[in-house]
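Take a look at the letters that make up each chain.
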Amino acid sequence: ISIGVSHGTLCSELTVTAVVLAGSRRLNYRQRVRLYNSDSAADTEGIDIQMEVSASTNEEVIVQFNTDIASEGYMYTDQGLEEVQRKYNPAMPIQANFYPSQSRCVLQDADNHLKYFAALTHHSAGVSSRKPGQLEIMLHRNLLQDDGRGLGTGVSDTMPVTVEMRLLVGHSSTNDVRMHRQAH
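Residues numbered from 1 in each chain as written. Predicted model: local features only at pLDDT ≥ 70, side-chain atom pairs only at ≥ 80, totals over all residues. Heavy atoms only, no water.

> Is there a simple way to think about the packing of aromatic side chains in this case?
Each aromatic ring pair is described using two quantities: the centre-to-centre distance and the angle formed by the ring planes. For the coordinates displayed, the defined rule picks out one aromatic pair. When the centroid spacing of 5.5 Å and the interplanar angle of 50 degrees are considered together, the rings of Phe65 and Phe117 count as tilted. Separated by 52 residues along the polypeptide, Phe65 in strand 5 (residues 59–66) and Phe117 in strand 10 (residues 115–121) bring together distant segments of the chain. Classification of Phe117 as buried rests on a relative accessible area of 6%. Above the face of the Tyr74 ring, Lys87 is positioned so that its terminal group lies 4.7 Å from the ring centre. (Phe/Tyr/Trp six-rings, centres within 6.5 Å; stacked < 30°, edge-to-face > 60°. Helix = DSSP H or I, 4+ residues; strand = E, 2+ residues; numbered from the N terminus. Buried < 20%, exposed > 50% of the residue type's maximum accessible area, 1.4 Å probe, protein only. Lys NZ or Arg CZ within 6 Å of the ring centre and 35° of its normal.)

What follows is the structure, given as structure tokens:
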């Protein structure tokens, strides 16, 4: 594992690079987290994360965020122009509890809906919330066999994948412009 930290006038950045070996399996991982020093401009609010992942065969790589938001197992995903409420169903297998999100997934406080944690992504992803206050985003999937979810074949892709997202945390009204899809 290597760790790099840089500080600048506009932002600070942390980069972690790791190679994880488990038997014959190998996972290459690099994560870059950027924190902006000024929150005066709307376009610099939030935390930017860039992750590069490549996995050997039969790997599903997710990133998990744990918060103190009392979401009661609910999350919201965007489906183009509409937002859909999702809830984890423990009677279903884990893979059936990952839902499509085009560019945004949100946890909101169940009591007042003003406290939130949101991840804005540059591309579609599978997302889940298996526990209150928890959000999982699938980064990479590489399976040799059919998973019975509709493709009829395995998904073999060992090429590195770069995932970029912006994390937003805070309190807002439903008119918060940062929660709307950002142009990339």
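There is more to say, and it comes next.
> I tried to follow the side chain of Arg86 on my own but got confused; where do I start?
By the secondary structure assignment, Arg86 is in strand 7 (residues 82–87). Of the side chains bearing the opposite charge, Glu82 lies closest to the buried Arg86, which forms no salt bridge; the N-O distance is 7.8 Å. At 3.2 Å, the side chain of Arg86 forms a polar contact with the side chain of Thr77. Apart from the residues lying within four places of it in its own chain, the contact partners of Arg86 are Gly73, Tyr74, Met75, Thr77, Gln79, Tyr99 and Pro100. (Lys, Arg positive; Asp, Glu negative; His and termini not counted. Salt bridge = Lys/Arg side-chain N within 4 Å of Asp/Glu carboxyl O. Polar contact = N/O pair within 3.5 Å; in protein donor to acceptor, adjacent residues only side chain to side chain. Contact = heavy atoms within 4.5 Å.)

> How should the pattern of salt bridges be read in this particular structure?
Pairing between side chains of opposite charge can happen when the charged atoms of each approach one another. Under the definition given, this model contains six salt bridges. Between Arg104 and Glu83 there is a salt bridge; the shortest N-O distance is 3.8 Å. Separated by 21 residues along the polypeptide, Arg104 in strand 9 (residues 104–108) and Glu83 in strand 7 bring together distant segments of the chain. You can call Glu83 partly exposed: its relative accessible area is 43%. In the salt-bridge network here, residues are joined through shared partners; they are Glu13, Arg32 and Arg34.

> When you look at the sheet that holds strand 8 (residues 99–101) in this model, what are you seeing that I'm missing?
Within a sheet, adjacent strands bond to each other through the backbone by hydrogen bonds, running parallel or antiparallel. Spatial strand order, 5-12-11-8: four strands in an open sheet with antiparallel pairing. This sheet does not close on itself; its edge strands, each paired only once, are strand 5 and strand 8. Taking each pair of neighbouring strands and ignoring which way they run, the sheet shows an average axis angle of 35 degrees. Inspection of the sheet shows strand 11 (residues 125–128) paired to strand 12 (residues 134–142) by two bridges, in the antiparallel sense. Bridge pairing in strand 12 places Val127 opposite Ile137. (Pairing = 2+ DSSP bridges. Axes fitted to C-alpha atoms, helices over the stretch in contact; angles between N-to-C directions.)

> Where do I start with unusual backbone geometry in this structure?
In most cases, non-glycine residues show a negative phi, while peptide bonds are predominantly trans. Positive phi is not limited to glycine here, since Glu72 has a value of about 55 degrees. Within the fold, Glu72 resides in the loop between strand 5 and strand 6 (74–79). For Glu72, a relative accessible area of 48% puts it in the partly exposed group.

> In this structure, what is going on with the pairing of strand 11? I would like to understand it.
Where a strand is regular, its side chains alternate between the two sheet faces. Alignment of strand 8 against strand 11, held across three bridges, turns out to be antiparallel. Its bridge partner being in strand 11, Ser101 is matched across the sheet by Ala125. Between strand 11 and the antiparallel strand that follows it, strand 12, lie five residues; Gly133 among them carries a positive phi value of about 80 degrees.

> Can you walk me through a nonpolar patch on the surface in this structure?
Where nonpolar side chains cluster on the molecular surface, the patch consists of Ile1, Ile3, Val5 and Leu14 and spans about 450 Å² of accessible area. Counting through the fold element by element, Val5 comes out in strand 1 (residues 2–7). The exposure class assigned to Val5 is exposed, which follows from its relative accessible area of 55%. (Patch = residues over 30% accessible without salt bridge, like charges linked within 9 Å, V, L, I, M, F, W, Y side chains within 5 Å. Areas by Shrake-Rupley, 256 points an atom, 1.4 Å probe, with all protein chains shown as cover.)

> Would you take a moment to explain the side chain of Thr121 for this structure?
Relative to the helices and strands, Thr121 resides in strand 10. Of the polar contacts made by the side chain of Thr121, one reaches the backbone oxygen of His123; its length is 2.8 Å.

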